[in-house]
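Results of the structural survey
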Amino acid sequence: MRALPAAKREGLFFGTMMCFGMVLVMTFYNMWLNGVLTTVTFMELLLSFAAGFVIALSLDLFVVGPLARKAASKVFPTKTKKIHMVLKMSAFMVFGMAATMSVYGLITAHLHGGTAGVSWLSAYLSIFLKNFIAAFPLQWLIMGPIVRYLFVKFIKEDTLSALEAE
């Protein structure tokens, strides 16, 4: 049984699950990094997560995901082991999501006065580097395996059961 989405519906479930986990952890990470984790209210935390999730899922589905799939298929285009394709796709996704979500982080930091006296480029590069350093191992070592396991356990089984019932 494949651990990757084979249909658009599966891709939507997989992307939603991955975005949920990554945004959840990265929201806490960025709040900790900016020293506000202990000062934000639950509602602020929830709103920050919700905004980040909607933006990340939109980017995943409509911008970064399609570009990452295209890039992954062009780099080492020969058919390789499944794990190599998973790792290539993950690497492109993490890079693309860290790059685009860091723009969101830069805007958020600017609105809260966190970029005062720093050039936008310098602030962006700092945010991107910190996010990439956290997101890459998080995706490859924790979220990727967890989401793939849950996807195969609950989504793929449901899809296969529905197909068998038809």
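For the structure itself, look to the data block above.
A few points on the structure. (Residues numbered from 1 in each chain as written. Predicted model: local features only at pLDDT ≥ 70, side-chain atom pairs only at ≥ 80, totals over all residues. Heavy atoms only, no water.)

1. A short note on the packing of aromatic side chains
Here the structure, examined in full by the defined rule, presents 11 aromatic pairs. On the numbers, 5.2 Å between centres and 85 degrees between planes, the contact of F14 with F151 is edge-to-face. Residue F14 is found in helix 1 (residues 8-33), and its partner F151 is found in helix 4 (residues 120-165); the two are separated by 137 residues along the sequence. Each member of the pair, F14 as well as F151, is classed as buried. (Phe/Tyr/Trp six-rings, centres within 6.5 Å; stacked < 30°, edge-to-face > 60°. Helix = DSSP H or I, 4+ residues; strand = E, 2+ residues; numbered from the N terminus. Buried < 20%, exposed > 50% of the residue type's maximum accessible area, 1.4 Å probe, protein only.)

2. Side note on the nonpolar core
Generally speaking, soluble globular proteins have nonpolar side chains that are buried together. Of all hydrophobic cores here, the largest spans 14 residues; its most connected members are F53, A56, M93 and M97. Contributions of two or more residues to this core are made by helix 1, helix 2 (42-74) and helix 3 (82-111). Ranked by the residues each element gives to this core, the list is headed by helix 2, at eight residues. With residues near it in sequence (within four places) discarded, F53 still touches T16, C19, F20 and V23. Core analysis: the next-biggest nonpolar cluster, separate from the first, contains 12 residues, M22, A134, M143 and V147 among them. (Core = buried A, V, L, I, M, F, W, Y, C linked by side-chain atoms within 4.5 Å. Contact = heavy atoms within 4.5 Å.)

3. Description of the packing of helix 2 against helix 3
Axes are the key here: two packed helices are described by the angle between their axes and the distance separating the axes. Two numbers describe how helix 2 lies on helix 3: the axes approach to 8 Å, and their chain directions differ by 135 degrees. In terms of axis orientation, helix 2 runs oblique to helix 3. Pair helix 2 / helix 3 crosses with right-handed handedness. Its residues assigned to classes, the contact of helix 2 with helix 3 shows 15 nonpolar, five polar and three charged. (Axes fitted to C-alpha atoms, helices over the stretch in contact; angles between N-to-C directions. Parallel < 35°, antiparallel > 145°, perpendicular 65-115°, else oblique. Left-handed = near helix turned anticlockwise from the far one by under 90°. Nonpolar A, V, L, I, M, F, W, Y, C, P; charged D, E, K, R; others polar.)

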